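Each chain is listed here by its residues.
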Amino acid sequence: MTIALPAWLADIPAEQPHPPAFVTVSGAHLYGFPSADSDVDLRGVHVLPVEEVVGLRTGEETVSRSWMRHGVEVDLVTHDLAKFCRLLLRRNGYVLEQLLSPW
């Protein structure tokens, strides 16, 4: 049984406080075993303004949100591009999974 992803998921990246470099689907949908009541896990990378990267006060390295939309729980976690690259250089499987996701 295949559970289709809702069409409105494509709107979520543009609604975030920082522009996304990419957002992908993770969790049960990625692994191929979602149920009718599964939440939708989104993971990705956001880009902070330059002044929040190089200044004395840096911006949010990780943004995490959970909310309900159309009866579906959405869980979104994004990392700033600099943090994501640090994780990638450490050969972190969590970020490799995001880069290789077919979604």
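In case you missed it, the structure is sitting above this.
Since this is a predicted model, take the numbers as computed values, not measurements.

1. Some details on the packing of aromatic side chains
- Enumeration according to the criterion identifies one aromatic pair in this entry.
- Ring plane angle 80° and centroid distance 5.6 Å describe the contact between Phe22 and Phe84, whose orientation is recorded as edge-to-face. Of this pair, Phe22 sits in strand β1 (residues 20-26) while Phe84 is found in helix α3 (residues 81-89), placing the two residues 62 residues apart along the sequence.
- Judged by relative accessible area, which is 3%, Phe84 ranks as buried.
- When the ring centre of Trp67 is taken as origin, the NZ or CZ atom of Arg65, which lies over that ring, is 3.8 Å away.

2. Considering the sheet that holds strand β4 (residues 72-80)
- Pairing within the open sheet is mixed, and its four strands lie in the order β1-β2-β4-β3. Of all the strands in the sheet, the pair left with one neighbour each is β1 and β3 (62-69). Here the strands of the sheet are splayed against their neighbours by 20° on average, with no regard to which way each runs.
- Note: β1 against strand β2 (residues 40-46), six bridges, orientation antiparallel. Following the sheet pairing, Ser26 is matched in β2 by Asp41.

3. A look at the pairing of β4
- Counting buried residues along β4, seven of its nine residues qualify, which places the element largely inside the surrounding structure.
- Pairing between β2 and β4: seven bridges, direction parallel. Looking at the pairing, Arg43 lines up with Val77 of β4.
- Between the antiparallel neighbours β3 and β4 lie two residues, among them His70 with a positive phi of about 50°.

4. Quick look at the pattern of salt bridges
- A complete count under the given rule lists three salt bridges for this structure.
- We note a salt bridge from Arg69 to Glu15, for which the minimum N-O separation is 2.6 Å. A residue pair is termed long-range when its members are at least 10 positions apart, and Arg69 in strand β3 and Glu15 in the segment before β1 qualify at 54 residues.
- Judged by relative accessible area, Arg69 falls into the buried class, the value being 19%.
- For Glu61, the salt bridge is made with Arg86, and the minimal N-O distance between the two is 2.5 Å. With Glu61 in the loop between α2 (51-54) and β3 and Arg86 in helix α3, the pair connects residues that are 25 residues apart, well separated along the chain.
- Taking relative accessible area as the criterion, Glu61 reaches 35% and is therefore assigned partly exposed.
- Judged by its relative accessible area of 35%, Arg86 is partly exposed.

About the cut-offs
- Residues numbered from 1 in each chain as written.
- Predicted model: local features only at pLDDT ≥ 70, side-chain atom pairs only at ≥ 80, totals over all residues.
- Heavy atoms only, no water.
- Phe/Tyr/Trp six-rings, centres within 6.5 Å; stacked < 30°, edge-to-face > 60°.
- Helix = DSSP H or I, 4+ residues; strand = E, 2+ residues; numbered from the N terminus.
- Buried < 20%, exposed > 50% of the residue type's maximum accessible area, 1.4 Å probe, protein only.
- Lys NZ or Arg CZ within 6 Å of the ring centre and 35° of its normal.
- Pairing = 2+ DSSP bridges.
- Axes fitted to C-alpha atoms, helices over the stretch in contact; angles between N-to-C directions.
- Salt bridge = Lys/Arg side-chain N within 4 Å of Asp/Glu carboxyl O.

These figures capture arrangement, not role.
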